[in-house]
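Here is how the chains run, residue by residue.
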Amino acid sequence: MSEPSVFTRIMNGEIPAEVVASTDTVVAIKDIAPQAPLHVVVFPRTDQYRDVVELAAGDPQLLADVISVANSVAHEHADGDFRLVFNTGASAGQTVFHVHAHVLAGGLTEKSVGA
Ligand code: 5GP
């Protein structure tokens, strides 16, 4: 068995985090190193999907849940507009292999797609 991901450890209460949304299937937390005025990561409770490609193939409804929570968070914590980033693979910047969406919002001024 592999080590639990940092997001699983947060869900288990082993690592503190600022939770901004939580449903039966998905959790959203403030990113520890924000890259925008609002920077939240949204991830499924299950850690069985390492990236968005696996999630889309394995459980499209769960991917829809991630996007729905991203939208809710952007409306509750910013003006409702947001950028959604799924880093996919280490050379694309993915460091946590428990699929998650970066929600970037709140006065974005650049077209940059990084998170
Ligand atoms: P990735 O690089 O995999 O696309 O995104 C992982 C994100 O998780 C990074 O933006 C990083 O700042 C965030 N992160 C990593 N460890 C923690 C943590 O312990 N707490 C919180 N809130 N965010 C974390």
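Each remark here, short or long, concerns the structure printed above.
Residues numbered from 1 in each chain as written. Predicted model: local features only at pLDDT ≥ 70, side-chain atom pairs only at ≥ 80, totals over all residues. Heavy atoms only, no water.

J.: When you look at the pattern of salt bridges in this model, what are you seeing that I'm missing?
T.: Where charged atoms from two side chains of opposite charge approach closely, those side chains can pair. Using the criterion set out here, one finds two salt bridges in the structure. With its nearest N and O atoms 3.1 Å apart, the salt bridge here joins Arg-9 to Glu-14. Classification of Glu-14 by relative accessible area gives partly exposed; the value is 46%. Its salt-bridge partner being Glu-18, residue Lys-30 comes within 3.3 Å of it at the nearest N-O pair. Linking Lys-30 in strand β2 (residues 26-30) with Glu-18 in the loop between α1 (6-11) and β1 (19-22), this pair joins segments that are 12 residues apart in sequence. Judged by its relative accessible area of 30%, Lys-30 is partly exposed. (Salt bridge = Lys/Arg side-chain N within 4 Å of Asp/Glu carboxyl O. Buried < 20%, exposed > 50% of the residue type's maximum accessible area, 1.4 Å probe, protein only. Helix = DSSP H or I, 4+ residues; strand = E, 2+ residues; numbered from the N terminus.)

J.: Would you take a moment to explain the nonpolar core for this structure?
T.: For soluble globular proteins, nonpolar side chains are generally found buried alongside one another. Membership of the largest hydrophobic core comes to 21 residues, with the highest contact counts inside it found for Ala-28, Val-40, Val-42, Leu-55, Val-69 and Val-73. At the level of elements, β1, β2, β3 (38-44), α2 (52-58), α3 (60-77) and β5 (101-105) are the ones that each hand at least two residues to this core. Those residues in contact with Val-42 that lie beyond four places of it in its chain are Val-26, Val-27, Ala-28, Val-66, Val-69, Ala-70, Val-99, His-100, Ala-101 and Val-103. Listed in part, the seven residues of the second largest apolar core include Ile-10, Val-41, Phe-43 and Val-96. (Core = buried A, V, L, I, M, F, W, Y, C linked by side-chain atoms within 4.5 Å. Contact = heavy atoms within 4.5 Å.)

J.: Sorry, what's going on with the sheet that holds strand β4 (residues 83-85) here?
T.: Adjacent strands of a sheet pair through backbone hydrogen bonds, lying either parallel or antiparallel. Strand order in this open sheet of five strands is β1-β2-β3-β5-β4, and the pairing throughout is antiparallel. The outermost strands of the open sheet, each flanked by one partner alone, are β1 and β4. Averaged over all pairs of adjacent strands, the angle between strand axes in this sheet comes to 20°, irrespective of strand direction. In terms of strand pairing, β1 meets β2 through three bridges, oriented antiparallel. Looking at the pairing, Ser-22 lines up with Val-27 of β2. Those strands touched by α3 are β1, β2, β3, β4 and β5, and its axis lies near 155° from that of β3. (Pairing = 2+ DSSP bridges. Axes fitted to C-alpha atoms, helices over the stretch in contact; angles between N-to-C directions.)

J.: Sorry, what's going on with the packing of aromatic side chains here?
T.: The geometry of an aromatic ring pair comes down to the distance between the two centres and the angle between the two planes. For the structure shown, the criterion picks out one aromatic pair. Here Phe-7 and Phe-43 contribute two aromatic rings whose centre-to-centre distance is 4.5 Å and whose plane-to-plane angle is 10°, an arrangement assigned as stacked. One end of the pair, Phe-7, is in helix α1; the other, Phe-43, is in strand β3, and 36 residues separate them in sequence. Note on Phe-7: relative accessible area 7%, which makes it buried. (Phe/Tyr/Trp six-rings, centres within 6.5 Å; stacked < 30°, edge-to-face > 60°.)

J.: Would you mind showing me how to read the environment of Arg-45 here?
T.: Here Arg-45 shows up in the loop between β3 and α2. Separated by 34 residues in sequence, Arg-45 and Met-11 place their C-alpha atoms 7.7 Å apart. Side-chain polar atoms of Arg-45 contact the side chain of Ser-22, separated by 2.7 Å. (Polar contact = N/O pair within 3.5 Å; in protein donor to acceptor, adjacent residues only side chain to side chain.)

Function cannot be read off these values alone, since they describe shape.
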